[in-house]
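Residues per chain are reported as follows:
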Amino acid sequence: MELQEIKILSYEFLQHYWWFLVSLLGALLVFLLFVQGANSCLRSLGWTEEGKRLVVNSTGRKWELTFTTLVTFGGAFFASFPLFYSTSFGGAYWLWMIILFTFVLQAVSYEFQNKLGNLLGPRTFQFFLVLNGIVGPLLLGGAVATFFEGSNFIVAKESLVDAGALTPIISRWANASHGLDALLNPWVVVFGFAVVFLARTLGILYVMNNVDDEDIRSRGSVRLLGTAVPFVVLFVAYLVHLLLKDGYAWNPENGAIFMEPNKYLHNLIDMWYLLVLLLVGVVMVLYGIVKTIMDKNYIKGIWPAGVGVVLTVLALLLCAGWNHTAYYPSTADLQSSLTIANSCSSEFTLRTMAVVSLLIPFVLAYIVYAWRAIDKKKLTSKELTHGESY
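Rules behind the numbers
Residues numbered from 1 in each chain as written. Predicted model: local features only at pLDDT ≥ 70, side-chain atom pairs only at ≥ 80, totals over all residues. Heavy atoms only, no water. Helix = DSSP H or I, 4+ residues; strand = E, 2+ residues; numbered from the N terminus. Rg over C-alpha atoms; globule rule 2.2 N^0.38 Å. Buried < 20%, exposed > 50% of the residue type's maximum accessible area, 1.4 Å probe, protein only. Areas by Shrake-Rupley, 256 points an atom, 1.4 Å probe, with all protein chains shown as cover. Lys, Arg positive; Asp, Glu negative; His and termini not counted. Charge placed at Lys NZ, Arg CZ, Asp CG, Glu CD. Pairing = 2+ DSSP bridges. Phe/Tyr/Trp six-rings, centres within 6.5 Å; stacked < 30°, edge-to-face > 60°. Lys NZ or Arg CZ within 6 Å of the ring centre and 35° of its normal. Expected span 1.5 Å × (residues − 1). Axes fitted to C-alpha atoms, helices over the stretch in contact; angles between N-to-C directions. Parallel < 35°, antiparallel > 145°, perpendicular 65-115°, else oblique. Left-handed = near helix turned anticlockwise from the far one by under 90°. Contact = heavy atoms within 4.5 Å. Nonpolar A, V, L, I, M, F, W, Y, C, P; charged D, E, K, R; others polar. pLDDT = per-residue confidence, 0-100. Salt bridge = Lys/Arg side-chain N within 4 Å of Asp/Glu carboxyl O. Polar contact = N/O pair within 3.5 Å; in protein donor to acceptor, adjacent residues only side chain to side chain.

1. Regarding the overall build of the protein chain
Turning to step 1, where the next piece is worked out: Along its length, the protein chain carries 16 helices and four strands.
Turning to step 2, where the next piece is worked out: For 390 residues, the compact-globule estimate of 2.2 N^0.38 gives 21 Å, and the protein chain sits close to it at 22 Å.
Turning to step 3, where the next piece is worked out: Within the span of the protein chain, comprising 390 residues, buried residues form 51% of the whole.
Turning to step 4, where the next piece is worked out: Surface accessibility of the protein chain: about 18500 Å² in total, with carbon and sulfur atoms responsible for 70%.
Turning to step 5, where the next piece is worked out: Taken together, the 25 basic and 25 acidic charged side chains of the protein chain have centroids lying 13 Å from each other.

2. Some details on the pairing of strand 4 (residues 257-260)
In summary, the side chains of a regular strand alternate between the two faces of the sheet.
Turning to step 1, where the next piece is worked out: One ladder, built from four bridges, connects strand 3 (residues 247-250) with strand 4; its direction is antiparallel. Looking across to strand 4, one finds that Trp-250 is bridged to Ile-257.
Turning to step 2, where the next piece is worked out: A loop of six residues connects strand 3 with strand 4, the two strands running antiparallel in sequence, and Gly-255 in this loop sits at a positive phi of about 75°.

3. Points about the packing of aromatic side chains
Turning to step 1, where the next piece is worked out: Under the counting rule described, the total for this entry stands at 36 aromatic pairs.
Turning to step 2, where the next piece is worked out: Linked through ring pairs, Trp-19, Phe-73, Phe-77, Phe-81, Phe-84, Phe-147, Phe-153, Trp-173, Tyr-327 and Tyr-328 together constitute an aromatic cluster.
Turning to step 3, where the next piece is worked out: When the ring centre of Tyr-298 is taken as reference, the NZ or CZ atom of Lys-291 above it lies at 5.5 Å.

4. A closer look at helix 7 (residues 93-112)
Turning to step 1, where the next piece is worked out: Taking 1.5 Å as the rise per residue, helix 7 with 20 residues should run 28 Å; its terminal C-alpha atoms sit 28 Å apart, in good agreement.
Turning to step 2, where the next piece is worked out: Among the residues of helix 7, Leu-95, Trp-96, Ile-99, Thr-102, Phe-103, Leu-105, Gln-106, Ser-109 and Tyr-110 are the ones counted as buried.

5. Focus: the packing of helix 10 (residues 214-244) against helix 12 (residues 272-294)
Turning to step 1, where the next piece is worked out: At a closest axis distance of 10 Å, the pairing of helix 10 and helix 12 adopts a crossing angle of 160°. In terms of orientation, helix 10 lies roughly antiparallel with respect to helix 12. The two elements helix 10 and helix 12 meet at a crossing, and its hand is left-handed. Counted together, Leu-224, Leu-225, Ala-228, Phe-231, Val-232, Phe-235 and Leu-239 of helix 10 and Leu-278, Val-282, Val-285, Leu-286, Ile-289, Thr-292 and Ile-293 of helix 12 form the full contact between these two elements.
Turning to step 2, where the next piece is worked out: For the contact of helix 10 with helix 12, a count of residues per class yields 13 nonpolar, one polar and no charged.

6. Quick notes on the confidence of the model for the protein chain
Parts of the model with low pLDDT should not have their predicted coordinates read in detail.
Turning to step 1, where the next piece is worked out: Across the protein chain, the average pLDDT comes to 86, with 90% of residues at or above 70.
Turning to step 2, where the next piece is worked out: In this model, residues 1-8 is a region of pLDDT below 50 whose contacts with residues beyond four sequence positions or in other chains number one contact.

7. Some remarks on unusual backbone geometry
Turning to step 1, where the next piece is worked out: Its identity as a non-glycine residue notwithstanding, Asn-262 has a phi of 55°, on the positive side.
Turning to step 2, where the next piece is worked out: Phi at Asn-323 is positive, roughly 60°, even though this residue is not glycine.
Turning to step 3, where the next piece is worked out: Relative to the helices and strands, Asn-323 is located in the loop between helix 13 (302-321) and helix 14 (347-356).

8. Let's talk about the pattern of salt bridges
Turning to step 1, where the next piece is worked out: Across all of its chains, the model carries five salt bridges by this definition.
Turning to step 2, where the next piece is worked out: In this structure, Asp-212 and Arg-217 form a salt bridge, with 3.8 Å as the shortest nitrogen-oxygen distance.
Turning to step 3, where the next piece is worked out: On the basis of relative accessible area, Asp-212 is assigned to the partly exposed category, the value being 43%.
Turning to step 4, where the next piece is worked out: Taking the relative accessible area as the measure of exposure, Arg-217 reaches 17% and is therefore buried.
Turning to step 5, where the next piece is worked out: For the salt bridge of Asp-295 with Lys-291, the shortest nitrogen-to-oxygen distance reads 3.8 Å.
Turning to step 6, where the next piece is worked out: Since its relative accessible area comes to 27%, Asp-295 is described here as partly exposed.
Turning to step 7, where the next piece is worked out: Note on Lys-291: relative accessible area 30%, which makes it partly exposed.

9. Examining the side chain of Thr-102
Turning to step 1, where the next piece is worked out: With respect to the element layout, Thr-102 can be found in helix 7.
Turning to step 2, where the next piece is worked out: We classify Thr-102 as buried; its relative accessible area is 3%.
Turning to step 3, where the next piece is worked out: Those residues within four positions of Thr-102 in sequence are excluded, and the remaining contacts are Asn-132, Val-135 and Gly-136.

10. Thoughts on the side chain of Asn-209
Turning to step 1, where the next piece is worked out: Here Asn-209 shows up in helix 9 (residues 186-210).
Turning to step 2, where the next piece is worked out: Once residues lying within four places of it in the same chain are set aside, the contact partners of Asn-209 are Arg-217, Ile-299, Lys-300, Ile-302, Trp-303 and Lys-378.

11. Description of the environment of Glu-64
Turning to step 1, where the next piece is worked out: One can find Glu-64 in helix 5 (residues 63-80).
Turning to step 2, where the next piece is worked out: Assessed through its relative accessible area of 36%, Glu-64 is described here as partly exposed.
Turning to step 3, where the next piece is worked out: As a C-alpha pair, Glu-64 and Cys-41 span 23 residues in sequence and 19 Å in three-dimensional space.
Turning to step 4, where the next piece is worked out: Engagement of the side chain of Glu-64 in a polar contact is seen with the side chain of Trp-63, the distance being 3.5 Å.

Printed below as a string of structure tokens:
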């Protein structure tokens, strides 16, 4: 009996461990959306053609990190929580296809906008960058909001063993919109636009730090106020809504899903360390923004704000999955809601991947080293003619 209890606890730990890793990847992805945010401000930050190229070359040094993190985020979800992957990526495919399509447009735009023989012209590809900079964060933010607001799907595990079933599909979307119906929820839209303005804020902070151009930095400090204020208003509005709304809880004894008033507020109280993480993250984001606006010589706001974003998003995502919370609620069938217990891989799979995950710190260390090597020298207009440029 004792060995069985130890085994169950071990499996439960692995489930929480992998939700932490997935949440961390999600938090890093939100931070790296500064690439999309800067591109969405391309025309206002880079008023001249040279200024636009400086912004594009600044974000062009980092766009692969955002795309790679997005793919890694999806891969980690597939390996650790395959039922979520099949339900969301397989059911809400219109939402994810639009996101991936805009990221493909981004990659093509960086590669071909200034190539010889470009029939569409640089402005067309710059429009694609702006499109990705707005649509990408909006839909990704909407996808994250469904962790709290729910999605319209049904899970039927019995279809896998039903000999009469024509197609043994474990989950399906309850309508023909396949994910786009989430945008009909006003709170999903609010959170989506909060991520859009957050990405724009981070993008401006990054370009001001990375590009040594007085005109871009002076424009950035002005544009920063216009993006930071909507972000703060939208984020605070959604956070208040989240703490006051009924949440999706599950009973660890029988796995039943039920609605609990103020569930996410209770989660932050029960897991006080997540509340501390959230508050520290919010303070760091505000410090990076306010310091940059108030001090015209301060250009390092991207670092406290970036770390703050990672801490804040990490706390929110952990709040969505830990403490017996359904991280992917179903609005079509409450009992179809996904938890870290009913949607995870086998214990053997989680344990094997946990060993591989020990390499993650070394990968992160290499990314930090490469980042510092690339950004050691600030980007100037000289590099547009003497160095490799987009």
